[in-house]
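Topology and contacts: notes
Residue-level listing of the chains:
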Amino acid sequence: MKTSALPCLLAAICVLPLPALAGRSAAHVHGVASLQVAIDGGTLTLQFETPLANLLGFEHAPRSEKQKQAVRLMADRLRQAGAVFTPSPAARCSAISVELESPLLQPSPQSGDDAHADLDGSFVFRCQDPAALRDLEVGLFASFPRLQRIDVQVAGPRGQSAARLSPQQRRVSW
Ligand SMILES: [Zn+2]
């Protein structure tokens, strides 16, 4: 399994290619999210996909100032990748880019009243000691209590594996 080379090493302003790993889209089930973990040399790429209900409790365009603020807070929290995902400390990884995509993050969010909507997040870390990269702790459950389960797929130097994370089991190892 290969991921495409990242076209940028500078944080913040860069456009990531469509992930080679993305493949099928996960089913939209409230309470459940998916996370694809790809390790390619010193680059750790996380593709997170979730119904917005897991993060916000709603999926329609925000109607009140309170809902607009909830969307902003959600995005701010996810953009702090290092606070949400903790790769093995010995691998000395740092987040180099975060990209969030969702209808609710458009300049003028539009969605029908009963439409479902997702959020896709791409998180890229650069690790100084990739040999020490053996696990990942996922801190999303504490920030987003509606999230009950994350189905994880790992593709790395030791092959592919799958795991299921929950508020009680927040660490995936490989
Ligand atoms: Zn939904």
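Please refer to the structure placed before this passage.
Thresholds, definitions, all that
- Residues numbered from 1 in each chain as written.
- Predicted model: local features only at pLDDT ≥ 70, side-chain atom pairs only at ≥ 80, totals over all residues.
- Heavy atoms only, no water.
- Pairing = 2+ DSSP bridges.
- Helix = DSSP H or I, 4+ residues; strand = E, 2+ residues; numbered from the N terminus.
- Axes fitted to C-alpha atoms, helices over the stretch in contact; angles between N-to-C directions.
- Contact = heavy atoms within 4.5 Å.

As a further point, take the pairing of strand 7 (residues 149-156). Note that strand 1 (residues 32-40) and strand 7 share seven bridges and pair parallel. Considered in strand 7, the bridge of A38 is made with A155. Alignment of strand 7 against strand 8 (residues 159-165), held across seven bridges, turns out to be antiparallel. Note that in strand 8 the partner of D151 across the bridge is R164. Adjacent in sequence and paired antiparallel, strand 7 and strand 8 are bridged by two residues.

What follows deals with the sheet that holds strand 4 (residues 93-101). The six strands lie next to each other as 4-5-2-1-7-8, forming an open sheet whose pairing is mixed. Of all strands in the sheet, those with a lone pairing partner are strand 4 and strand 8, marking the two edges. When the angles between neighbouring strand axes are averaged without regard to direction, this sheet yields 15°. Here strand 2 (residues 43-51) runs beside strand 5 (residues 118-127); their pairing, made up of nine bridges, is antiparallel. Note on strand 5: the bridge partner recorded for P51 is D118. Packed on one face of the sheet, helix 2 (residues 65-79) meets strand 4 and strand 5 and runs near 150° to strand 4.

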